[in-house]
Amino acid sequence: MSGGGAEEEANLEFTPTWVVAAVCTVIVAISLAAERFLHYGGKFLKNKNQKPLYEALQKIKEELMLLGFISLLLTVSQNGITKICVPPSVTRHMLPCSLDEKEKVTVEHLLGRDRFHFERFFSFPRRLLAETRGTETETHALAKTEFCARKNKVPLLSVEALHHLHIFIFVLAVVHVTFSVLTVIFGGARIRQWKHWEDSIAKQNYETDQVLKRKVVDVQQHDFIKDRFSGFGKDSAIVGWLKSFFKQFYGSVTKSDYVTLRHGFIMTHCKANPKFNFHKYMIRALEDDFKQVVGISWYLWVFVVIFLLLNINGWHTYFWIAFIPFILLLAVGTKLEHVITRLAHEVAEKHAAIEGELVVQPSDDHFWFHRPHFVLFLIHFILFQNAFEIAFFFWIWVTYGFDSCIMGQVRYIVPRLIIGVFIQVLCSYSTLPLYAIVTQMGTHFKAAIFREHVQVRLAGWAQEAKKKKGVKADSQPGEGSSHAVAGIQLGSVFQKRASAAEDGASVPKVEGSAE
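Because the structure is a prediction, the values reported are computed rather than measured.

A. Focus on the overall build of the chain. Looking only at helices and strands, one finds 23 helices and 4 strands in the chain. For the chain, the residues scored as buried account for 38% of the 515 residues in total. As displayed, the chain offers around 28800 Å² of accessible surface, 64% of which is attributable to carbon and sulfur atoms.

B. A look at the nonpolar core. Membership of the largest hydrophobic core comes to 58 residues, with the highest contact counts inside it found for Phe265 and Ile437. Mapped onto this core, the elements with two or more residues apiece are helix H3 (51-82), helix H7 (159-192), helix H10 (223-228), helix H12 (255-269), helix H13 (278-293), helix H16 (323-350), helix H17 (373-400) and helix H18 (410-438). Grouped together as the second largest cluster of nonpolar side chains are 34 residues, Ile296, Phe384, Ala391 and Tyr412 included.

C. Broad picture of the pattern of salt bridges. With the rule as written, the count across this model stands at 8 salt bridges. Across the salt bridge formed by Arg192 and Glu287, the nearest N and O atoms sit 4.0 Å from each other. Taken together, the residues span a long stretch of sequence, with Arg192 in helix H7 and Glu287 in helix H13 at a distance of 95 residues. Between Arg228 and Asp257 there is a salt bridge; the shortest N-O distance is 2.8 Å. You can see Arg228 sitting in helix H10 and its partner Asp257 sitting in helix H12, a full 29 residues away along the chain. Neither residue differs from the other here; Arg228 and Asp257 are each classed as buried. If you follow the salt bridges from partner to partner, you end up with Arg228, Asp257 and Glu337 in one network.

D. Structural view of the state of the cysteines. Within the structure shown, the criterion is met by 1 disulfide. Covalent S-S linkage joins Cys85 and Cys148, the inter-sulfur distance amounting to 2.0 Å. Measuring the twist about the S-S bond at about -75°, one finds the Cys85-Cys148 disulfide to be left-handed. You can see Cys85 sitting in strand E1 (residues 85-86) and its partner Cys148 sitting in helix H6 (residues 138-149), a full 63 residues away along the chain.

E. Quick peek at the packing of aromatic side chains. One pass over the full model with this rule turns up 34 aromatic pairs. Taken together, a centroid distance of 5.7 Å and an interplanar angle of 50° make the contact between Trp197 and Tyr258 tilted. Of this pair, Trp197 sits in helix H8 (residues 195-202) while Tyr258 sits in helix H12, placing them 61 residues apart in sequence. Pairing Phe319 with Trp320 gives two aromatic rings, centres 4.9 Å apart and planes at 70°, and the pair type is edge-to-face. Members of the aromatic cluster, joined through ring pairs, are Phe168, Phe303, Phe307, Phe381, Phe388, Phe392, Trp395 and Tyr400.

F. Fine view of the environment of Glu62. Along the chain, the position of Glu62 falls in helix H3. Of the residues examined, Glu62 reaches a relative accessible area of 44% and is grouped as partly exposed.

G. Layout of the environment of Glu287. Overall, Glu287 belongs to the buried group, its relative accessible area being 12%. Residues Glu287 and Val184, 103 residues apart in the sequence, show an inter-C-alpha distance of 8.6 Å.

H. A look at a nonpolar patch on the surface. Together, Met94, Trp298, Val302, Ile306, Leu309, Leu310 and Trp315 make up an exposed nonpolar region whose accessible area comes to about 760 Å². Since its relative accessible area comes to 37%, Val302 is described here as partly exposed.

Conventions we followed
Per chain, residue numbering runs from 1 following the sequence as it is written. Given that this is a predicted model, residues contribute local features only at a pLDDT of at least 70 and side-chain atom pairs are listed and counted only at 80 or more, while totals for whole chains, interfaces and linings are drawn from all residues. Heavy atoms throughout the structure, all of them, feed into the side-chain values; hydrogens and water do not. The secondary structure listing takes helices from DSSP runs of H or I that are at least 4 residues long and strands from runs of E that are at least 2 residues long, numbered from the N terminus. Exposure categories follow from relative accessible area, calculated using a 1.4 Å probe and restricted to protein chains: below 20% of the type maximum is buried, above 50% is exposed, and the middle band is partly exposed. Per-residue accessibility takes into account occlusion by the displayed protein chains alone, with areas from the Shrake-Rupley method and a 1.4 Å probe. The definition of a nonpolar core used throughout is a set of buried Ala, Val, Leu, Ile, Met, Phe, Trp, Tyr and Cys residues joined through side-chain atoms within 4.5 Å. In what follows, salt bridge is the name for a side-chain nitrogen of Lys or Arg lying within 4 Å of a carboxyl oxygen of Asp or Glu. In plain terms, two cysteine sulfur atoms within 2.5 Å form what is called a disulfide here. When two rings of Phe, Tyr or Trp (its six-membered ring) have centres within 6.5 Å they constitute a pair, described as stacked for plane angles under 30 degrees, edge-to-face for angles over 60, and tilted for the intermediate range. Like-charged residues are merged into a patch within 9 Å and nonpolar side chains (Val, Leu, Ile, Met, Phe, Trp, Tyr) within 5 Å, provided each residue has over 30% relative accessible area and no salt bridge.

In short, shape yes, function no, at least from these values alone.
Structure follows, in structure tokens:
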């Protein structure tokens, strides 16, 4: 190499101190600015008593810390990984691109006709990791190449490939967090549009005697029943599922749905408080769930590994895998709509006319595996899978160019992007609002029904009662172990319907717990 090339690759010993100081200043300043932004964002959420969103922010910080650890691990171990040598035949199978494509790219590089892509603009950071590029000193490059060549083998993973993998993991995490935040923001805005329905109910200023006053209602004339039960094929299960499928695309939740589901929840869990603010409870419950959605769980990382394994040339895995979140999202939306339809059917089939308001009966039996929370797991997977698709597309575009063999043909690219946008829009404006209200139709209410200070007091009471039960069991060992097992758990307070609610007691009646 020319002297200019050696000078360009000078190590820290021969780098001007002002360059080192300037680069460190910029990096530290950006890092501190990001840290302060998250810190003050957390303080703002705390001052606004937004504990669920604050915990979601902490979850994001944990993800950033995990990314930092992955980055450090890849940087420290890159020399050791590139010295793992394998026979050349091992690296000729299960390739994302064919060997013919590799030869074509090599010829274009030698002829100076490299395909344009964004990686050119990021050549400086790439040289920091990819030390085996042509800009290295010849001595260093020769040592790297000959280490495995002397054994008639090749490196298991090159430094450049390791660098690209490093970038992909970072892009994936950033896109997932961004998409999750956008989904909850847009979905929350849609749910807040329902507030005027809650306000219209509150403005009626029901008196106690008016609430208890009975009146005969023709079930078939109720808006909720006419919208969900009446019409063609009302007794057909297939037609019911088809209606639920198309319902998620337009008017997924109407005012009659909201009023009826709200009344069913109140009559089941807090009968003594008809003025319970169901809308605020629903928002708090969604905020509690958000901290689970924004994280990247271990099973999602397993999915990433499986995809990277199956991304083989000719399989078009990146195209077919885009249909997984698409199909799941449609299935979740259809199921949530069908839960509302099923509640309407139960009332309409049992009664021709009822005395009082129309009351639906919440139950876990309406949900998959009798677990309403399972829907949140699916939404989490859908959001991550969609973010994965978009992140993979931009990573390939920036790293290898739009014409890369991994990117595939245009007829595969366009549908993927359309599906990704469709999933994001439908999940934000239909599926997430549906989830927020329909999952309240389970057998149990959520901890969000109590405000934070009430939850803290209940938690302290439960722990104290558990300790007393344990002491009592230790002092009376002859009565068996049933007392030890019967310790009071906080989950039973939140997840099981309290006997006080069944008896009409005002446990959730406290206005502070509902607002």
